[in-house]
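Working through the structure, step by step
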Amino acid sequence: MKPPHRVIPTPAWLRPVIRWATRVSVNAPAWVPGWLKNAPLKLTSLVLRAYIAIVR
């Protein structure tokens, strides 16, 4: 049997960064290309994935 999946909470220092990235992406003007609009979210996701990989 597979062991239960361990939930790793989001670190407190990253929460404001996630909020900022979301705010920037949502409030970006329509003329901004999608790759640039989503860049802060992609970078935050990469940092969070790296953090989780290190913690495990």
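Just so we're clear, the structure is a prediction, and the values are computed from it rather than from any experiment.

This brings us to the overall build of the protein. When helices and strands are tallied, the protein shows 3 helices and 0 strands. Reading the protein from its N terminus to its C terminus gives the helix and strand order α-α-α. Put simply, the protein has 56 residues, and 14% of those count as buried. At a minimum sequence separation of 6, the contacts of the protein that also span at least 24 residues come to 56%. When the accessible surface of the protein is totalled, it reaches about 4800 Å², and 69% of it is carbon and sulfur.

What follows deals with the side chain of S25. Tracing the sequence through the fold places S25 in helix 1 (residues 15–27). S25 gets classed as buried once you look at its relative accessible area, which sits at 7%. A polar atom in the side chain of S25 sits 2.8 Å from the backbone oxygen of K37. In this structure, S25 is in contact with K37, N38, P40 and L41, ignoring residues within four places of it in sequence.

Right, let's get into the packing of aromatic side chains. Tallied over the full model, the rule gives 1 aromatic pair. For the pair W13 and Y51, a centre-to-centre distance of 6.2 Å together with 85° between the ring planes defines the contact as edge-to-face. In this pair, W13 sits in the segment before helix 1 while Y51 sits in helix 3 (residues 39–55), placing the two residues 38 residues apart along the sequence. Classification of Y51 as partly exposed rests on a relative accessible area of 28%.

Turning our attention to a nonpolar patch on the surface. On the surface, W13, L43, L46 and V47 cluster together into a nonpolar patch covering about 410 Å² of accessible area. Overall, W13 belongs to the exposed group, its relative accessible area being 51%.

Rules used in this analysis
By convention here, each chain's residues receive numbers from 1 onward along its written sequence. Predicted model: local features are reported for residues with pLDDT of at least 70 only, side-chain atom pairs are reported and counted for 80 or more only, and whole-chain, interface and lining totals are derived from all residues. Computation of side-chain values covers all heavy atoms of the structure but excludes hydrogens and water. What counts as a helix is a DSSP run of H or I of at least four residues, what counts as a strand is a run of E of at least two, and both are numbered from the N terminus. Burial here depends on accessible area, computed with a 1.4 Å probe over protein chains only, as a share of the maximum for the residue type. Under 20% is buried, over 50% is exposed, and the range in between is partly exposed. Residues are treated as being in contact if the distance between any of their heavy atoms lies within 4.5 Å. In these tables, accessible area is a Shrake-Rupley quantity obtained with a 1.4 Å probe, and a residue counts as shielded only by the protein chains included in the view. Two N or O atoms count as a polar contact when they lie within 3.5 Å, although within protein this holds only if one can serve as hydrogen donor and the other as acceptor, and sequence-adjacent residues are included solely when both atoms are side-chain atoms. Any Phe, Tyr or Trp ring, taking Trp's six-membered ring, that has another such ring centre within 6.5 Å forms a pair; planes under 30 degrees apart are called stacked, those over 60 apart edge-to-face, and the others tilted. Each patch is assembled from residues with relative accessible area greater than 30% and no salt bridge, linking like charges that lie within 9 Å and nonpolar side chains (Val, Leu, Ile, Met, Phe, Trp, Tyr) that lie within 5 Å. The working definition used for a salt bridge is a side-chain nitrogen of Lys or Arg within 4 Å of a carboxyl oxygen of Asp or Glu.

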